[in-house]
Amino acid sequence: MKILVLLKQTFDTEEEIVLVNNALNESGVKYVINPYDEYALEQAVLLKEQQGAEVTVVTAGPVRAEEALRTAIAVGADRAVLIDDESLAGDEYTISKVLVAFAKQESYDLILAGHMSVDDGAAQIGPRVAEELGLPHISTITSLVIDGQTARAEKDVEGDLETIEVTLPVLLTAQQGLNEPRYPTLPGIMKAKKKPIERVTAADLGIDTAAIASKTAILNQYLPEKKTAGRILTGELAEQAAELVDVLRNEVKVV
Ligand SMILES: Cc1cc2nc3c(=O)[nH]c(=O)nc-3n(C[C@H](O)[C@H](O)[C@H](O)COP(=O)(O)OP(=O)(O)OC[C@H]3O[C@@H](n4cnc5c(N)ncnc54)[C@H](O)[C@@H]3O)c2cc1C
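Residues numbered from 1 in each chain as written. Predicted model: local features only at pLDDT ≥ 70, side-chain atom pairs only at ≥ 80, totals over all residues. Heavy atoms only, no water.

If you check an unreviewed UniProt entry, the chain appears there as Electron transfer flavoprotein subunit beta from Caryophanon tenue. Per UniProt, the chain carries the Sequence similarities (unreviewed entry) text "Belongs to the ETF beta-subunit/FixA family." On record in UniProt, under Cofactor (unreviewed entry), the comment for the chain is "AMP". (UniProt positions renumbered as here; feature names shortened; annotations may be inferred.)

Chemist: Give a detailed account of the UniProt feature "domain: Electron transfer flavoprotein alpha/beta-subunit N-terminal" (unreviewed entry) in the chain, specifying residues and quantitative values.
Modeler: As recorded in UniProt, the sites labelled "domain: Electron transfer flavoprotein alpha/beta-subunit N-terminal" (unreviewed entry) are residues 21–209. Each end of residues 21–209 is marked by a C-alpha atom, and these two atoms are 26 Å apart; helix forms 31% of the span and strand 30%. (Helix = DSSP H or I, 4+ residues; strand = E, 2+ residues; numbered from the N terminus.)

Chemist: Could you give an account of the layout of surface pockets, naming the residues involved and the relevant values?
Modeler: Counted as a void, the second largest pocket has a volume near 620 Å³. Lining the second largest pocket we find 23 residues, and of these Ile33, Glu38, Thr71, Tyr183 and Pro184 sit closest to its centre. The element best represented in the lining of the second largest pocket is helix α2 (residues 66–74), accounting for 5 residues. Per-class residue counts for the lining of the second largest pocket are 13 nonpolar, 2 polar and 8 charged. (1 Å grid on protein atoms, 1.4 Å probe; cavity = no way out; pocket = protein on both sides within 12 Å on 5 of 7 lines; lining within 4 Å. Points joined across faces, edges and corners; volume = space filled by probe spheres on them. Nonpolar A, V, L, I, M, F, W, Y, C, P; charged D, E, K, R; others polar.)

Chemist: Explain the site of the ligand to me, using residue names and the numbers behind them.
Modeler: Near the ligand lie 32 residues; those nearest to it are Leu6, Lys8, Asp37, Ala60 and Ser117. The contact in question runs from a nitrogen atom of the ligand to an N or O atom on the backbone of Leu7, over 3.4 Å. Between the ligand and Ala122 there is a distance of 3.0 Å, counted from an oxygen atom to a backbone nitrogen or oxygen. With the chains in place, 90% of the 910 Å² that the ligand exposes on its own is no longer accessible. Every element with two or more residues in the shell around the ligand is listed here: β6 (54–60), α3 (92–105) and β8 (110–114). Here the shell around the ligand is built from residues that sort into 14 nonpolar, 8 polar and 10 charged. (Near = heavy atom within 4 Å. Polar contact = N/O pair within 3.5 Å; in protein donor to acceptor, adjacent residues only side chain to side chain. Areas by Shrake-Rupley, 256 points an atom, 1.4 Å probe, with all protein chains shown as cover.)

Chemist: A description of the nonpolar core should follow, citing residues and the corresponding values.
Modeler: One finds Ile3, Val5, Leu41, Val57, Leu110, Leu144 and Leu172 to be the most contacted residues of the largest nonpolar core, which totals 40 residues. The leading source of residues in this core is helix α1 (residues 35–51), at 7 residues. Once you skip the residues sitting within four places of it in the chain, Val5 turns out to touch Ala40, Leu41, Ala44, Val55, Thr56, Val57, Val58 and Leu112. With 26 residues, the next largest nonpolar core counts Val100, Tyr108, Ala130 and Leu133 among its residues. (Core = buried A, V, L, I, M, F, W, Y, C linked by side-chain atoms within 4.5 Å. Buried < 20%, exposed > 50% of the residue type's maximum accessible area, 1.4 Å probe, protein only. Contact = heavy atoms within 4.5 Å.)

Chemist: Explain the packing of α2 against helix α5 (residues 186–194) to me, using residue names and the numbers behind them.
Modeler: Packed helices, taken two at a time, are described by the angle their axes make and the gap between the axes. Taken N-terminus to C-terminus, the directions of α2 and α5 make an angle of 125°; their axes are 8 Å apart at the nearest point. When the axis of α2 is compared with that of α5, the two are oblique. Like other packed secondary-structure pairs, α2 and α5 cross with a definite hand, here right-handed. Counting all contacts with α2, which are made through Arg70, Ile73 and Ala74, the residues of α5 involved are Gly188, Ile189, Ala192 and Lys193. (Axes fitted to C-alpha atoms, helices over the stretch in contact; angles between N-to-C directions. Parallel < 35°, antiparallel > 145°, perpendicular 65-115°, else oblique. Left-handed = near helix turned anticlockwise from the far one by under 90°.)

Written out as C-alpha cells, the structure is:
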C-alpha cells in the first residue's frame, strides 16, 4: 500500500503571537508539525507497521518546513518531499492545486491529511485535493480500519458516531482521538538526519504559477482586544438592579 501524508508546519500554539506590519512576526517562533497532521502521520506509520506500506510525506512551504519533514522521517515516514518554490506561496486554492499536481505524479492508495491547520485553519485543503483528484473523501475521522481495498472510518457527528465504508483510493482527514502520536526516538532522529529530503519546484510539477494564483487576500490581521476586568455589583438586590439598569441605559446604551 502506498500512503501520501499532506503535512503542514505551523507555529507552536503555545507561542505568543506578535503581529508586525499585518503579518506574524516569525522571529524566535518555534515551529511544529500541525497537530492534526501528527494524527495523519501516526495513522500512516501504524498502517505501515500492521500491513506494510510506503509512507511519503509532502509539504508545500518555506525551507524551515524541512525540520517538520525530518521529524516525520524520524517517526517512520519513508520519503519526505518539500515543495519549496517561492512562486507557489498562496492561499488554499493555490496550495491544493500544488498538492494535486504532486499527487498526480505519484501512485497512492490512501491520502491522509489533518482536518485543519491550527494557524490559518481553513480546513479546505483535504476536500479540495480530494475533489480535484476525483477521490472520495471522509473528514475528521476518529478511527480507521483498512481491509484489502476497503477503508472503514468512524467520525463524530454532533455526539453520534458515523461509520463510513469506502473503496480505496480515498482521502481521509484526521481528527483528534484517531490515535496517540508517538515521539521520535533517538535512533529515528539520527536516521532522519542522514535521509535526503526531495526538493520539488513549480517547473518539476509542470505548474503555470499564474494560473493558480491565490483567489483570496488577507486584508487585515489583528489580535483580540485585551479584556478588561468584569464589574461586580454590590449592595441590596434592589440597588444592584437599579445600578444594572443605569449601566445598560447610560454606559452601554442598549436599553
Ligand atoms: C513557498 C511557500 C511558503 C509558504 N509560507 C507559509 C507561511 O509562512 N505561513 C503559512 O502559514 N503557510 C505558508 N505556506 C503554506 C500555505 O500558505 C498554506 O499551507 C495554505 O494556504 C493552506 O492553508 P491552511 O493552513 O488554512 O490549510 P487547511 O485547509 O486548514 O489545512 C488542512 C490540512 O491540509 C494539509 N495542508 C495544509 N497546508 C499544507 C501545505 N502547505 N503542504 C502540505 N499539506 C498541507 C494539512 O494536512 C492540513 O492539516 C507556504 C507555502 C509555500 C509553497
